[in-house]
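Geometric and topological summary
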Amino acid sequence: MNIPFRFFVIFIIFAVSNCIFIPIVNAQFTIKENFQGSTVGSSIILGGSPSAYLTSGVVDPVNDGWLRLTNANLNQKGYAYINSSFPSTLGVIIDFEYKIWRDSILGNPGADGIGIYFFDTSKTFALGGYGGSLGYAPNTSLPATNTGLAGGYIGIGLDEFGNFSNPTEGRNGGLGLMCNSITLRGETTNNKNTTNPWLKTNQLQTSNTVDGYNSIDYNTITKTRPTDSVFYRRVKISIIPTGSGKYAISVTWRTTPTGSDVTLLTYTSNTAPPANLKVGFAA
């Protein structure tokens, strides 16, 4: 699937207000990147096989591009991460747009999806498995990746095909194949039987061939990126300390540019994060 991204803003803060983009404390760490140009800041690392890339002047007009994680071809793995750490005592809010579509039928109704992950800065970056593991969990199928994301703390899957929640291919736990779902997986360990455990899934839509407001991807074959009027997704993910050693995780989205945010999933983590974290995306 063609999977491009645009960030609006990322806040790393102690608390949040009820208004988008407005922190209510002075201690904060902010990163902004719209990916519309032909270069990114030095703190943004792109990679994969083939690598994620910027589309400005390539497949889109100059300065009107996106970050594209993958093209609509088989066995692709692209990623981007922000090479700036933040203390886990702070909260994090990520706010981004994405588009997912394809221009041909490749044998399956859609591809795998997008993984958003938080990981320990003391570990050397190494992505998890291809396919349904979304770059976060292990995947023992070819090409085998027997470990999850190095230092992974939490992985959030925007899961088109449904395998991120499936306890197959080396993934631990889950509800089975759940297309059009949001799934959380936990921390990476050194034990293949416990690493990246399934935490929670919310299936938004049971059909992976019909378009709708709850589709993770755009299911109509098209040669061009779908316009906002036919497919729009803006996602916000927050991880906020509760003050009792727990972290409240929330995923919301809106499906029209002027629509309201809808809560897709909430979860409270009892696992303390590493002292410092980084954030990234894979597809």
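Our subject is the structure that appears above.
First, a word on scope: everything that follows refers to the structure included in this document. This structure is a prediction, so every number in the text was calculated from the model and none was measured. (Residues numbered from 1 in each chain as written. Predicted model: local features only at pLDDT ≥ 70, side-chain atom pairs only at ≥ 80, totals over all residues. Heavy atoms only, no water.)

As a further point, take the packing of aromatic side chains. Under the definition given, this model contains 10 aromatic pairs. Ring plane angle 25° and centroid distance 4.2 Å describe the contact between Tyr81 and Phe125, whose orientation is recorded as stacked. One end of the pair, Tyr81, is in strand S6 (residues 77-87); the other, Phe125, is in the loop between strand S8 (113-120) and strand S9 (152-159), with 44 residues separating them in the sequence. The class of Tyr81 is buried, set by a relative accessible area of 11%. Measuring from ring centre to ring centre gives 5.9 Å for Tyr117 and Phe119, while their planes differ by 50°; the resulting arrangement is tilted. Take Tyr117: its relative accessible area is 0%, and that puts it in the buried class. According to the relative accessible area criterion, Phe119 is buried, its value standing at 1%. An aromatic cluster is built from Tyr79, Tyr81, Tyr117, Phe119 and Phe125, whose rings are joined through pairwise contacts. The ring of Phe164 has Arg185 sitting right over it, with the charged end atom 5.6 Å from the ring centre. The cationic tip of Arg233 hangs over the ring face of Trp253; the distance from NZ or CZ to the ring centre is 4.9 Å. (Phe/Tyr/Trp six-rings, centres within 6.5 Å; stacked < 30°, edge-to-face > 60°. Helix = DSSP H or I, 4+ residues; strand = E, 2+ residues; numbered from the N terminus. Buried < 20%, exposed > 50% of the residue type's maximum accessible area, 1.4 Å probe, protein only. Lys NZ or Arg CZ within 6 Å of the ring centre and 35° of its normal.)

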